[in-house]
Structures are given as structure tokens and as C-alpha cells.
Amino acid sequence: MGILNLTPDSFSDGGRFQRPDAALKHALRMVEEGAAIIDIGGESTRPGSRPVSADEELDRVIPLIETLAERIPVPISIDTSKPVVMRESVSAGAGMINDVLALREPGALQVVAETAVPVCLMHMQGRPRSMQEAPRYDDVVDEVSSFLQQRLTACEAAGIARGRLVIDPGFGFGKTLQHNLILLKALHALTTLDVPLLVGISRKSMLGSLVGDAPVNERLFAGIAAAVLAVIEGAAIIRSHDVRATVEALKVVSSVRSVTPH
Ligand code: YH5
């Protein structure tokens, strides 16, 4: 899953965010590099960030989804927690919903039940504004696993078929470095829930802290190691900014896995 960079572009003449042609070019490049899904969303879930309004989010993502849906050959995933953005994005051509709140916003379960697309349910302790202030767990693996199990049950009760569901432990979302490391080491435990596992570690601060406080643009090698470990431990989808490097590293993992002696 390639992350479509929607950072503000000072050369933009079409609003606060990247011009559609620049976004399209980036998406096409990630597809060429091997991305099977393109994830788009605002920046509202970074630690310390404030929520954006639904109108602002719709203005930002709907025109882009309409443009991309006709021009790229892989599904577009919409990274949002707002039911109205989910509904309008699927109408505009999105083929997946990626929700860091795991459909806990009022109305989200019903909106998703009225669509037919896959949905990723992510674990987060707290809210982006304050989630990194004092994350606390008695047993992080147990708590993340129980939460995801509860959300799977809530989805099925709302009429969302289990075959549409994907889960994600939410690296960096209300977790200390130690919590993140424990989760990565025990990732395999989540495969017992019997739905595909998505992992997003790309460029996150946990990588920075492991390699001498590296800035965001110097976390690639650490991110590749984390992606490889995640796949070995059972991840089915890796969410990454660095598609070519990730795909090449994971080709090595797949090749070793699928080789048969003699
Ligand atoms: C995720 O893990 N993450 S948005 C801080 C960074 C770098 C990257 C520089 N949406 C996830 O990518 N959806 C985000 O420090 C997500 N899983 C799923 N399913 C945060 C992000 C980031 C934050």
C-alpha cells in the first residue's frame, strides 16, 4: 500500500494541497514501483495534530479520488474516520476504507455496511492530539488484540462481512517505543483473528529513535527492516511511503518463502 503524499505545495494554484497532476504522477510512480493499493488522506492523524472539518477533508480528497480512479489500475484507499467522507469517497471511486478509529465515529458502521469495499480497522489509544503524552497498557498485545476482536464483532453485527475486514495494530498511535517493539515481536498473535493484517511503520518516529534520532528522510533502511520483520510475522499489507525499496525487500521474503528444495 503506497502512501500518496498530500503535503502542502507552495506552487499549488488549486488550493492548499498538491496539484492533481502532481498527485497523479506520484500515484502512477508508486503503481509502477509495485504498489497494489494507493492510500490517500489528510494529515490529521499525526501525533499532536488537530482535527479538520468534514468539508475541508471532502474538498481535499474527493476531486483527487475522481481523478485517480479513472487513471490508476489499482484500488484507492481513503484514510478517514468521518462517515460522510467514507460515503462520498466510495461514490467517487475509492475501493477501500482505512480508518484509524476502526469505525468508532457515530454512523461509520452503518455507512460502511451500505458499501461493499474492504475496510481496515486500526487500534489507537487516545486521540491524535494527545495520544503520545502517556501511553499505558498492562499488556499491550492483549489489549490491542481484544480491541480489534471487539471491532471485528461490531462490524459483523452491523452487517459488514468478515471477508471485507482488515486489522492493524496501529504503530505509533498511543504507543511508546517499547509498546511498538513488543507489538512487532508479537505480531503473529494477531493472525489468529483470521483476517488480513496491515502494518504501517514507514518513516514513523519509532524508527527514528532506533537509529540515533534520524530525521524523517533518513529512516528508510530502518523502515525496510521493520517491513520485512512484519511480513515474516504475518503481515499481509505494508503501508509505506517508499514503495520501490519495500517491494524489492519483500520480493526477497516471498522468494525464500516459496522456494521448494530440489
Ligand atoms: C497506520 O499505521 N498511519 S497516518 C508520523 C510519521 C510518519 C508517518 C514522521 N494512517 C497509519 O503515516 N493507517 C497513518 O512520523 C494509517 N495504519 C493505517 N491503517 C500516520 C503516518 C505517519 C505518522
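Everything below is about the structure shown above.
Residues numbered from 1 in each chain as written. Predicted model: local features only at pLDDT ≥ 70, side-chain atom pairs only at ≥ 80, totals over all residues. Heavy atoms only, no water.

Undergrad: Please clarify how the nonpolar core should be interpreted in this entry.
TA: Note that soluble globular proteins tend to have their nonpolar side chains buried in a common cluster. Counting residues in hydrophobic clusters, the biggest one holds 67 residues, and the most contacted among them are Leu4, Ile38, Ile40, Leu68, Ile72, Leu103 and Leu187. Those residues in contact with Ile38, other than ones at most four positions away along the chain, are Gly2, Leu4, Ala27, Met30, Val31, Ile72, Val74, Pro75, Ile76 and Ser77. Residues Ile37, Cys120, Val166 and Ile237 belong to the second largest nonpolar core, which totals seven residues. (Core = buried A, V, L, I, M, F, W, Y, C linked by side-chain atoms within 4.5 Å. Buried < 20%, exposed > 50% of the residue type's maximum accessible area, 1.4 Å probe, protein only. Contact = heavy atoms within 4.5 Å.)

Undergrad: What is the right way to read the site of the ligand from this model?
TA: The environment of the ligand is formed by 17 residues, the closest being Asp79, Asn98, Asp168, Lys204 and Arg239. Between a nitrogen atom of the ligand and a side-chain N or O atom of Asn98, the distance comes to 2.7 Å. For the ligand, whose unbound accessible area comes to 520 Å², protein coverage reaches 92%. Looking at the shell around the ligand, the elements that each hand over two or more residues are β5 (119-122) and β7 (198-200). Looking at side-chain class alone, the shell around the ligand contains six nonpolar, four polar and seven charged residues. (Near = heavy atom within 4 Å. Polar contact = N/O pair within 3.5 Å; in protein donor to acceptor, adjacent residues only side chain to side chain. Areas by Shrake-Rupley, 256 points an atom, 1.4 Å probe, with all protein chains shown as cover. Helix = DSSP H or I, 4+ residues; strand = E, 2+ residues; numbered from the N terminus. Nonpolar A, V, L, I, M, F, W, Y, C, P; charged D, E, K, R; others polar.)

Undergrad: Looking at this model, I keep getting lost on the sheet that holds strand β3 (residues 76-79). Mind explaining?
TA: The strands making up a sheet associate through backbone hydrogen bonding, with each pair oriented either parallel or antiparallel. Spatial strand order, β1-β2-β3-β4-β5-β6: six strands in an open sheet with parallel pairing. Each having just a single partner strand, β1 (2-3) and β6 (165-168) make up the two edges of the open sheet. Seen against the sheet, helix α2 (residues 54-71) touches β2 (38-41) and β3 and runs at an angle of roughly 175° to β3. (Pairing = 2+ DSSP bridges. Axes fitted to C-alpha atoms, helices over the stretch in contact; angles between N-to-C directions.)

Undergrad: What am I meant to see in the packing of helix α1 (residues 20-32) against α2 here?
TA: Each pair of packed helices can be summarised by the angle the axes make with each other and by the distance between the axes. In contact at an axis separation of 10 Å, α1 and α2 are set at 40° when each is read in the N-to-C sense. Taken together, α1 and α2 sit at an angle that is classed as oblique. Crossing angle aside, the handedness with which α1 passes α2 is right-handed. Residue-level inspection shows Ala23, Leu24, Ala27 and Leu28 of α1 in contact with α2, the latter providing Leu64, Leu68 and Arg71. (Parallel < 35°, antiparallel > 145°, perpendicular 65-115°, else oblique. Left-handed = near helix turned anticlockwise from the far one by under 90°.)

Undergrad: Help me understand helix α5 (residues 140-157), please; the structure alone is not making it clear to me.
TA: An α-helical segment advances 3.6 residues per turn. Residues three or four places apart therefore align on the same side. When the terminal C-alpha atoms of α5 are compared, their 26 Å separation across 18 residues agrees well with the 26 Å that a helix rising 1.5 Å per residue should span. Those residues of α5 hidden inside the fold are in contact with α4 (108-113), β5, β6 and α6 (177-185). For α5, the N-terminal capping position is held by Asp139, with its side-chain oxygen 3.2 Å away from the main-chain nitrogen of Val141. (Expected span 1.5 Å × (residues − 1).)

Undergrad: How do you make sense of the environment of Leu68 when you look at a structure like this?
TA: Mapped onto the fold, Leu68 is located in helix α2. Through-space distance from the C-alpha of Leu68 to that of Lys175 is 34 Å; in sequence the pair is 107 residues apart.

Undergrad: Looking at this structure, how should I read α2?
TA: Look at α2: 26 Å from first C-alpha to last across 18 residues, which is about the 26 Å you get at 1.5 Å a residue. Those residues of α2 not exposed but buried are Glu57, Leu58, Arg60, Val61, Ile62, Leu64, Ile65, Thr67 and Leu68. Those residues of α2 that are buried are in contact with α1, β2, β3 and α3 (83-92).

Undergrad: Explain the packing of α5 against α6 to me, please; I cannot follow it from the model alone.
TA: Axis separation between α5 and α6 bottoms out at 9 Å; the angle between their running directions is 70°. The pairing of α5 with α6 is recorded here as roughly perpendicular in orientation. In the packing of α5 onto α6, the handedness of the crossing is right-handed. Two secondary-structure elements touch here, α5 through Val140, Val141 and Val144 and α6 through His179, Ile182 and Leu183.

Undergrad: Before we go on, may I ask you to explain the pattern of salt bridges in this structure?
TA: Between side chains of opposite charge, pairing is possible as soon as their charged atoms come close. Per the counting criterion, the structure on display carries eleven salt bridges. Between Lys82 and Glu57 there is a salt bridge, with the nearest N and O atoms lying 2.5 Å from each other. Residue Lys82 is located in the loop between β3 and α3, and its partner Glu57 is located in helix α2; the two are separated by 25 residues in the primary sequence. Owing to a relative accessible area of 5%, Glu57 belongs among the buried residues under this scheme. Close ionic contact of Glu70 with Arg71 constitutes a salt bridge, the shortest N to O distance being 3.8 Å. Classification of Arg71 as partly exposed rests on a relative accessible area of 44%. Connected through salt bridges with shared partners, the residues Asp39, Asp79 and Arg239 form a single ionic network. (Salt bridge = Lys/Arg side-chain N within 4 Å of Asp/Glu carboxyl O.)

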